[in-house]
Amino acid sequence: MQSVLTINGGSSSVKFALYLVGEPLQRTLYGKIDRIGLSGTNLTSNDSTGNQRESRSIAASDHHSAAKVLIDWLVKQDGFASVAAVGHRVVHGMKHLQPEFVTQDLLDELRHLRPYDPDHLPREIELIEAFRQRYPKLPQLACFDTAFHQSMPRVAKLLPLPRRFDAKGVQRYGFHGLSYAYLMEELARLGDPAATTGSVILAHLGNGASLAAVREGRSIDTSMGFTPTAGLVMSTRSGDLDPGLAPYLARTEQITSKQFYEMVNHESGLLGVSETSSDMRDLLAREADDVRAAEAVELFCYQAKKWIGAFAAALGGLDTLVFSAGIGENCPAIRARICDGLGFLGLRLDKAQNARNAPLISKDTGRVAVRVIRTDEELMIARSVGRALGAAPAA
Ligand code: ADP
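A. Focus on the pattern of salt bridges. Following the criterion strictly, the structure yields 16 salt bridges and no others. In this structure, R134 engages D72 in a salt bridge whose closest nitrogen and oxygen atoms are separated by 2.5 Å. With R134 in helix α3 (residues 121-134) and D72 in helix α1 (residues 63-75), this residue pair connects regions lying 62 residues apart in the sequence. You can call D72 partly exposed: its relative accessible area is 38%. Two residues, E185 and R383, come together in a salt bridge whose shortest N-O distance is 2.5 Å. One end of the pair, E185, is in helix α6 (residues 177-189); the other, R383, is in helix α16 (residues 377-388), and 198 residues separate them in sequence. Pair check on accessibility: E185 and R383 agree, each one buried. Salt bridges sharing partners connect three or more residues here, namely D108, R111 and E129.

Below, the structure is given as C-alpha cells:
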C-alpha cells in the first residue's frame, strides 16, 4: 500500500505526517521538529492515536540539517519505505492555482520568490532540496498557501500604488489557503449549503491569524495581503499599519528597514502590546490584573470583529462563520467577544455550546450558522498528493 509524507515547514519548526493512501487517508504517524536554530531543538513523534512515541533532542542549526535528521529518523519508521510522494506546504506560489510537482523550473521560480516571504520560503526550499538530494526520483508536490485566493476579484488583489509595481507582482495574495481549503471541504462534508451556494467567513485564528470571505466556494477577499504580516493583529506580527509609520520611525528612531521587518514580524502584535507574551492563553490568564494583557486581547477581538463586518459587507450578507486554529478552536471567551454586538448581522451565539467548543455554536434563532472546525493543513496536503497520484477522489 502506498503512503504519503507531508512536510509543513514554519520559520523555526517542521511538522510532518505519514498517511496510508486510501479512502479515507489514514494518518499512521505525525510529529514535529521545533526550535530549529535555537537551543533545545527537539523531535517529537506521535502514533496514529495521538500517543507520543518519542521526544528527543537533536542538533539542527537550520532547516537543511533538520531535514537530514528527519530523513534519517523517518527511514527507520514503519511505512516510510512505501512513501510514493512527499507533499510540502509552500507559503507563496504567486499565480499558481493548483499544487504542482517540483521540477527544476519550479524550484528556480520559488528561489526568485524568496524576498516575498524571507521567513518561510527559503526554509521550505531547503526542505524540498534535502529530500530531492536524498531521493532524486521521489515525486514532491508543492501545495501553495496562496492558491485558494487566486479566485479573488481584481479589486481585492489591487494595491493602490503606482501601477508599475502591479506588473511586477506587487499585489494582494492572501495566505492560510491550505487551512481554508480544508475548512471549505469540511463545511461541504457537514452538509452546510453555504459551502457551495452561500456567503462564508472563515476565521483562522492561530499564532498567524487571518480571515477569508468566501462566496459560493470561492475566496473573494482575505485579510492578509502581499505578505503574511498584513491584516489582523497576530501573536507577534503587527497586521495592518499606517504606511507613514516606517518613514516616521526611520526619521525619528533611525530604525532601518531590516529592524522594521524584525519588529513588525517578531516583536509586535499580542507580544508587542502586552510586553509579556504572544500566547493568548497567557494573556487571558493575566488580563484581570495586567492592563497591557487586557489591551492586547481587546485589540485582537476588536480587529477580528471589524474584519467580519467588512467581509459581511463585501459578501453582501453572511450565512456561515467558521472559527478555526488554536484560538478559534479552543477559546470560547475570544469567540464570544468577537461575536458580541454582531447581532445586527443575524449572529447569535449559544453560550453553552460555545463554552464546550461544540461544532455548532449559534442559536437556532440566529440567521448565521457559527461553527468551530478543527483545521488540518497536513491532511489537506496529503489529499492533494493523493489526488495528484490519482489515488484519492477529487473534492
Ligand atoms: P500556529 O499558527 O503556530 O499553528 P496555533 O494554531 O497552534 O498556532 O495557535 C496558537 C494560539 O492558540 C496561541 O495563542 C494559543 O494560546 C492559542 N490557544 C491554544 N489553545 C488555547 C486555549 N485552550 N485557549 C486559548 N487559546 C488557546
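There is more to say, and it comes next.
B. Region of interest: the nonpolar core. Among the nonpolar cores identified, the biggest contains 59 residues, and L205, L232, F300, L321, F323 and I334 are the most heavily contacted of them. Per-element accounting of this core gives the leading share, eleven residues, to helix α12 (residues 291-315). In contact with F323, not counting residues within four places along its chain, are A203, L205, G328, R335, I338, C339, I361, V370, R371, V372 and I373.

C. How the structure looks around unusual backbone geometry. Omega for the bond connecting E23 with P24 falls within 30 degrees of zero, at 5°, which places this linkage in the cis form. Despite not being glycine, M94 shows a phi value in the positive range, around 45°. Structurally, M94 is set in the loop between β6 (83-90) and β7 (100-101). Classification of M94 as buried rests on a relative accessible area of 17%. Located in the positive-phi region is Q254, a residue other than glycine, with phi close to 55°. Looking at the element boundaries, Q254 is found in the loop between α8 (245-253) and α9 (257-266).

D. Fine view of the layout of surface pockets. In this structure, the second largest pocket occupies an estimated 990 Å³ of space. F226, T227, T229, A230 and F260 are the residues nearest the centre of the second largest pocket, which is lined by 35 residues in total. Within the residue set of the lining of the second largest pocket, elements represented by two or more residues are α8 and α9. Sort the elements by how many residues they give to the lining of the second largest pocket and α9 lands first, with five residues. Of the residues contributing to the lining of the second largest pocket, the split by class is 19 nonpolar, ten polar and six charged.

E. Structural detail: the packing of aromatic side chains. According to the stated counting rule, one finds seven aromatic pairs in the structure shown. Note on Y116 and F226: the rings are 5.2 Å apart at their centroids and 50° apart in plane angle, and the pair reads as tilted. With Y116 in the loop between α2 (104-112) and α3 and F226 in the loop between β11 (218-222) and α8, this pair connects stretches of sequence that are 110 residues apart. Given a relative accessible area of 27%, F226 falls into the partly exposed group. Ring centres of Y173 and F226 lie 6.5 Å apart, and the angle between their planes is 45°; on these two criteria the pair is classed as tilted.

F. Molecular detail of the site of the ligand. Around the ligand, the neighbouring residues are K15, G206, N207, G208, D279, M280, R281, A325, G326, I327, N330 and C331. Contact between the ligand and G208: an oxygen atom at 3.4 Å from a main-chain N or O atom of the residue. Between the ligand and the protein, one listed contact pairs an oxygen atom with a side-chain N or O atom of D279 at 2.4 Å. Out of a free accessible area of 580 Å², the ligand has 71% covered by protein chains.

G. Broad picture of the packing of α2 against α3. Closest axis-to-axis distance for the α2/α3 pair is 10 Å, and the angle between their directions is 155°. One finds that α2 runs roughly antiparallel with respect to α3. Between α2 and α3 lies a crossing whose hand is left-handed. Taking contact as the criterion, the partners of Q104, L107, L110 and R111 in α2 are, on α3, L121, I125, I128, E129 and R132.

H. Looking closely at the sheet that holds strand β4 (residues 42-47). One open sheet holds the eight strands; their spatial order is β5-β4-β3-β2-β1-β6-β8-β7, and the pairing between them is mixed. Of all the strands in the sheet, the pair left with one neighbour each is β5 (52-57) and β7. As paired elements, strand β1 (residues 3-9) and strand β2 (residues 14-20) share seven bridges and run antiparallel to each other. The residue bridging I7 from the neighbouring strand is F16, located in β2. α16 rests against β1, β2, β6, β7 and β8 (140-144) of the sheet, and its axis sits at about 135° to β1.

I. Structural detail: the environment of A130. With respect to the helices and strands, the residue A130 is situated in helix α3. On the basis of relative accessible area, A130 is assigned to the buried category, the value being 6%. As for A130 and D282, which are separated by 152 residues in sequence, their C-alpha atoms are 37 Å apart. With residues near it in sequence (within four places) discarded, A130 still touches H64, A67 and I71.

J. Spatial organisation of the pairing of strand β10 (residues 209-215). Among the seven residues of β10, six are classified as buried, and the element is accordingly described as predominantly covered. The turn joining strand β9 (residues 199-205) and β10, which pair antiparallel and follow one another in sequence, is formed by three residues. Bridge count between β10 and β11: four bridges; the pairing is antiparallel. Following the sheet pairing, A213 is matched in β11 by D221. Adjacent in sequence and paired antiparallel, β10 and β11 are bridged by two residues, among which E216 carries a positive phi angle near 50°.

Thresholds, definitions, all that
Residues numbered from 1 in each chain as written. Predicted model: local features only at pLDDT ≥ 70, side-chain atom pairs only at ≥ 80, totals over all residues. Heavy atoms only, no water. Salt bridge = Lys/Arg side-chain N within 4 Å of Asp/Glu carboxyl O. Helix = DSSP H or I, 4+ residues; strand = E, 2+ residues; numbered from the N terminus. Buried < 20%, exposed > 50% of the residue type's maximum accessible area, 1.4 Å probe, protein only. Core = buried A, V, L, I, M, F, W, Y, C linked by side-chain atoms within 4.5 Å. Contact = heavy atoms within 4.5 Å. 1 Å grid on protein atoms, 1.4 Å probe; cavity = no way out; pocket = protein on both sides within 12 Å on 5 of 7 lines; lining within 4 Å. Points joined across faces, edges and corners; volume = space filled by probe spheres on them. Nonpolar A, V, L, I, M, F, W, Y, C, P; charged D, E, K, R; others polar. Phe/Tyr/Trp six-rings, centres within 6.5 Å; stacked < 30°, edge-to-face > 60°. Near = heavy atom within 4 Å. Polar contact = N/O pair within 3.5 Å; in protein donor to acceptor, adjacent residues only side chain to side chain. Areas by Shrake-Rupley, 256 points an atom, 1.4 Å probe, with all protein chains shown as cover. Axes fitted to C-alpha atoms, helices over the stretch in contact; angles between N-to-C directions. Parallel < 35°, antiparallel > 145°, perpendicular 65-115°, else oblique. Left-handed = near helix turned anticlockwise from the far one by under 90°. Pairing = 2+ DSSP bridges.

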